[in-house]
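If you want the building blocks of each chain, they are given just below.
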Amino acid sequence: MREGPAPEPRQAAPGRESVSAGHPEAAPGRRHSGSTVSGGEVARDRQGEAARGRWGVGVASGGRDPKVSEGWGGGEGRGVVGVGRSPGVVVAKVTGAGTGTDAAWKVNATDLGIMWDNGAGEVLAAFGDTFGDGWAPPGANGGDWRSQVLLRSGDRDLADGMTFSSAATDRAGHAKELIPSRKVDGDEITVIPTAGVSVGARQYMGYMSVRHWGPPGQWDTNYAGIAYSDDNGQNWTAATTPRWDNPDGGNHFQMAAMVRRDGYVHLFATPNGRSGAAYLARVPEHQILDKSAYQYWTGSQWRQGQDTLAAPVVNAPVAELSVQFNAYTGKWLMTYLQGSDVVLRSAAAPTGPWSAPALVASSADYPGLYGGFMHPWSQGPDLYLTLSEWTPYNVYLIRITLTPDAAIANANLVRDPSFERQTTGTVATPWACHGNCGIDNGTWSFTADRNAFARYNRGWHDLYQVVPVAPNTRYVLTGWLRTSGNNDNGFFGVRDPGGAPFSETNFRAVGSWTRYRVAFDSGPRTSVEVFAGIWTDNGDMWLQLDDVSLVRG
């Protein structure tokens, strides 16, 4: 797709009155005028669109992501997979068209976003298979394929997203491939970053050499290794040691997370694929490249020797680990992909015992999700993570709130916030509709696969949901919107169920996905109705809505 007007929402025929049944106010013109409009904070995503293209190397066949697991599980927390409500809130899009990474460094589409503090006032973020011109959703495709790229950020205000100031480049305006890969299936199809850490002025990055992408959740690796850089990530040397070879697929140290603490670098790792357990090693921080210095946790003690000494610290299935010591909670935190969901665990020590998994993001709300890497500069109760999604094949920043005991608190109160649990083109519970509305299922959404829309050529049309709240409590409502260019009167906010709005923001034409924010006090109410709608009295007009959240503010 090319830059220009957004595609027209599906199921949205102008000129035909289509009123939702079963709702007492389901008729155009019932917005309840006379409400007070509050100034909403707006942070534009400026999402653009890319030209068509195909990735013709056979890695992503049939439009499916070989790295995205579906329908498998087992082990701990089986009840978590694919059914729970996601407590996380989508903060912003991090990479891709409109975020600046496309125009600045030809990072049009990418995944992962593994972050670490470089020790000099920046966060380094390593991304996986990356594409430039010619990419178009869904999935990994197009030209200018680089197996990994690195971007740098000094952004400490994560409440409105994460921006990047520079990249490791090979020419002006082009992010370079850090570690060459052969790009030959069955030999070495790609080299994927898995971890990063700094010691002094040197940067270390863990990576895996992928031989072949297999069925969803399965892939073969040649080995895992560590590369280092002495110029802040501009140039990398793949060290010959340490290396964890994997000729028969049984090595436990193929995908890693690195944490520097107490004079050691702790190396948490899993086998290749998404069905293994998590293992732990440590090494004195100045001996990272000396494999003989590594000690492995046996379940009762640290021992030097073969990596086969290591015993699981977290049982299967564990994949795509992110681990950090969190100052706010005073605990070690671990996020990872369990089955098809991202979960969080905590422990007083790296060896455990680790708490039960708590859901961070469900595949029911974000189909095709993977990753879930913690930002090292998360402050206080707010924990920020990068989340990859397959259809838009890009990375998003999400936020969860922690208690001092590392439990997840202040979860998003909106049910089906991203409309991914809708199964048809018709708006269904827990959402409802006044007028003509529906569900888009394509590549137009802000995240994942689906979004909701309202469209008509006269009258009031909106999407809404009743949400329980606590009385006399401050809340913040956010949502991502865009509209047709002729929209001249749209509203996003909260109202009394079946009644009048009491806090809302007004918008006109919204050309690209834009985040709107409405703060309010619930007063005596025990429930509110969140809504987004437009007066369609200026010709055929539409609104699209995605990723709505309501949390205590």
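Structure shown above.
Okay, so let's go over this structure. What you see is a predicted model, and the numbers here were worked out from it, not measured in a lab.

## Remarks on the environment of Glu420
Positionally, Glu420 belongs in the loop between strand E25 (408-409) and strand E26 (432-434). Linking Glu420 and Asp449, residues 29 residues apart in sequence, is a C-alpha distance of 6.9 Å. Excluding residues within four positions of it along the chain, Glu420 makes contact with Ala364, Asp365, Tyr366, Pro367, Thr447, Ala448, Asp449 and Arg450. Reaching out from Glu420, the side chain makes a polar contact with the backbone nitrogen of Arg450 at a distance of 2.7 Å.

## What about the packing of aromatic side chains?
Summed over all chains, the structure comprises 24 aromatic pairs. Relative to Trp431, the ring of Phe419 lies with its centre 4.6 Å away and its plane at 35°, an arrangement referred to as tilted. Of this pair, Phe419 sits in the loop between E25 and E26 while Trp431 sits in the loop between E25 and E26, and the two are 12 residues apart along the sequence. Ring-pair connections join several aromatic residues into one group, and the members of that group are Trp244, Phe253, Tyr279, Tyr294 and Tyr296. If you follow Arg495 out to its NZ or CZ, it ends over the ring of Phe531, 4.4 Å from the centre.

## Focus on the environment of Phe492
Along the chain, Phe492 turns up in strand E31 (residues 490-495). We classify Phe492 as buried; its relative accessible area is 1%. Ignoring sequence-local partners within four residues, the contact set of Phe492 consists of Leu477, Thr478, Gly479, Leu481, Glu504, Thr505, Phe507, Tyr516, Val518, Phe531, Ala532 and Leu545.

## Side note on the sheet that holds strand E4 (residues 123-127)
Strands belonging to one sheet form pairs held by backbone hydrogen bonds; the direction of such a pair is parallel or antiparallel. What the 4 strands build is an open sheet, ordered E3-E4-E5-E6; its pairing is antiparallel. The open sheet is flanked by strand E3 (112-117) and strand E6 (166-167), the only strands paired with a single partner. Across 5 bridges, the pairing between E4 and strand E5 (residues 149-153) is antiparallel. For Ala126, the partnering residue across the bridge sits in E5 and is Leu150.

## A look at the sheet that holds strand E32 (residues 501-507)
With respect to topology, 5 strands assemble into an open sheet ordered E26-E29-E34-E31-E32, the strand pairing being antiparallel. Bordering the open sheet on either side are E26 and E32, each of which pairs with just one other strand. For this sheet, the mean angle separating the axes of adjacent strands, direction not counted, is 20°. Pairing between E31 and strand E34 (residues 527-535): 6 bridges, direction antiparallel.

## Let's talk about the pairing of E34
For E34, the buried fraction is high: 7 of the 9 residues fall into the buried class. Across 9 bridges, the pairing between strand E29 (residues 460-468) and E34 is antiparallel. Following the sheet pairing, Val467 is matched in E34 by Val528.

## Quick notes on the state of the cysteines
All told, the structure shown has 1 disulfide when counted by the stated rule. At a sulfur-sulfur separation of 2.2 Å, the disulfide partner of Cys433 is Cys437. Its S-S torsion of approximately 80° makes the covalent link between Cys433 and Cys437 right-handed. No difference in accessibility class separates Cys433 from Cys437, as the two residues are buried.

## Describing the side chain of Asn246
Within the secondary structure, Asn246 sits in the loop between strand E12 (237-245) and strand E13 (255-261). With a relative accessible area of 1%, Asn246 lands in the buried category. Every residue in contact with Asn246, bar those within four places of it in the chain, is listed here: Arg211, Thr221, Asn222, Tyr223, Asn251, Gln254 and Asn272.

## Quick word on the layout of surface pockets
In this structure, the largest pocket occupies an estimated 660 Å³ of space. Around the largest pocket, the lining is made up of 30 residues, and of these Val259, Val323, Gln324, Phe325 and Pro376 lie nearest the centre. Of all the elements in the fold, those that place two or more residues in the lining of the largest pocket are E3, strand E9 (190-199), E13, strand E18 (314-326) and strand E22 (369-374). Of the residues assigned to the lining of the largest pocket, the class counts are 18 nonpolar, 9 polar and 3 charged.

## Here we look at the pattern of salt bridges
For the coordinates displayed, the defined rule picks out 16 salt bridges. Here Arg455 ties to Asp540 by a salt bridge, and the two come within 2.3 Å at their closest N and O atoms. With Arg455 in strand E28 (residues 450-456) and Asp540 in the loop between E34 and strand E35 (541-552), the pair connects residues that are 85 residues apart, well separated along the chain. Salt bridges here are not isolated pairs; linked through shared partners, they connect Asp462, Arg495 and Glu529.

Each value, and the rule that gives it
Residues numbered from 1 in each chain as written. Predicted model: local features only at pLDDT ≥ 70, side-chain atom pairs only at ≥ 80, totals over all residues. Heavy atoms only, no water. Helix = DSSP H or I, 4+ residues; strand = E, 2+ residues; numbered from the N terminus. Contact = heavy atoms within 4.5 Å. Polar contact = N/O pair within 3.5 Å; in protein donor to acceptor, adjacent residues only side chain to side chain. Phe/Tyr/Trp six-rings, centres within 6.5 Å; stacked < 30°, edge-to-face > 60°. Lys NZ or Arg CZ within 6 Å of the ring centre and 35° of its normal. Buried < 20%, exposed > 50% of the residue type's maximum accessible area, 1.4 Å probe, protein only. Pairing = 2+ DSSP bridges. Axes fitted to C-alpha atoms, helices over the stretch in contact; angles between N-to-C directions. Disulfide = S-S within 2.5 Å. 1 Å grid on protein atoms, 1.4 Å probe; cavity = no way out; pocket = protein on both sides within 12 Å on 5 of 7 lines; lining within 4 Å. Points joined across faces, edges and corners; volume = space filled by probe spheres on them. Nonpolar A, V, L, I, M, F, W, Y, C, P; charged D, E, K, R; others polar. Salt bridge = Lys/Arg side-chain N within 4 Å of Asp/Glu carboxyl O.

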